[in-house]
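Summary of structural features
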Amino acid sequence: MSESIKIEKEEAASGGRYVATVSGHEAEMAFSRTSPRLIIIDHTAVPDALRGQGVGQALALHAVEDARAGGWKIIPLCPFMRAQSLRHEDWADVIQQK
């Protein structure tokens, strides 16, 4: 992908989302906060125009890096995030499998 993927975090007390806007299209990864030390990623949406460009992967990696920086764990309920977490053993420090 030639264009840099910029990701922003929108958060409220009960959850939020990571948002990537690329070429006028918005992709998101939504999460719920169950405690100060645990979030559940429950949804990832990447529009067809952005598929295959690494946007979903960038969102997942951003969530992992955010969890590391914030000192919390992620429960990956979203099928996409779950699949990514199983592919990346190096994320095991922040992934909490059920």
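Here the residue index of a chain counts from 1 through its sequence in written order. Reporting in this predicted model follows two pLDDT cut-offs: at least 70 for local features of residues, and 80 or more for side-chain atom pairs to be given and counted; totals over whole chains, interfaces and linings ignore these cut-offs and use all residues. Note that the side-chain values use all heavy atoms of the structure and ignore hydrogens as well as water.

Let's talk about the pattern of salt bridges
Salt bridges are defined by distance alone: a side-chain nitrogen of Lys or Arg within 4 Å of a carboxyl oxygen of Asp or Glu. Across all of its chains, the model carries nine salt bridges by this definition. For lysine 9, the salt bridge identified is with aspartate 66, shortest N-O distance 2.8 Å. Of this pair, lysine 9 sits in strand β1 (residues 7-12) while aspartate 66 sits in helix α1 (residues 55-70), placing them 57 residues apart in sequence. The buried label applies to any residue whose accessible area, calculated with a 1.4 Å probe on protein chains only, is under 20% of its type's maximum; exposed applies above 50%, and partly exposed to all values in between. Look at lysine 9 and you get partly exposed, because its relative accessible area is 31%. Strands here mean DSSP runs of E at least two residues long; helices mean DSSP runs of H or I at least four residues long; both are numbered from the N terminus.

A closer look at the pairing of β1
Paired strands, in this sense, are two strands between which DSSP finds at least two bridges. Pairing of β1 with strand β2 (residues 15-22) involves six bridges; the strand directions are antiparallel. Among the inter-strand pairings, glutamate 10 is bridged to a residue of β2, identified as arginine 17. Hairpin connection, β1 to β2: the antiparallel pair is bridged by two residues.

Points about the sheet that holds strand β3 (residues 25-35)
Strand order in the open sheet made by the five strands is β1-β2-β3-β4-β5, with mixed pairing throughout. Of all the strands in the sheet, just β1 and β5 (73-76) have a single pairing partner and so form its edges. Recorded for the sheet is a direction-independent mean angle of 25 degrees between the axes of neighbouring strands. Pairs of residues are marked as contacts when any of their non-hydrogen atoms sit within 4.5 Å. For helices, the fitted axis covers only the stretch in contact; all axes are lines through C-alpha atoms, and the angles between them, taken along N-to-C directions, range from 0 to 180 degrees. Its contacts with the sheet put α1 on β1, β2, β3, β4 (38-45) and β5, and the angle it makes with β2 is roughly 140 degrees. Sheet strands touched by helix α2 (residues 79-87): β3, β4 and β5. Its angle to β5, the strand with the most contacts, is close to 115 degrees.

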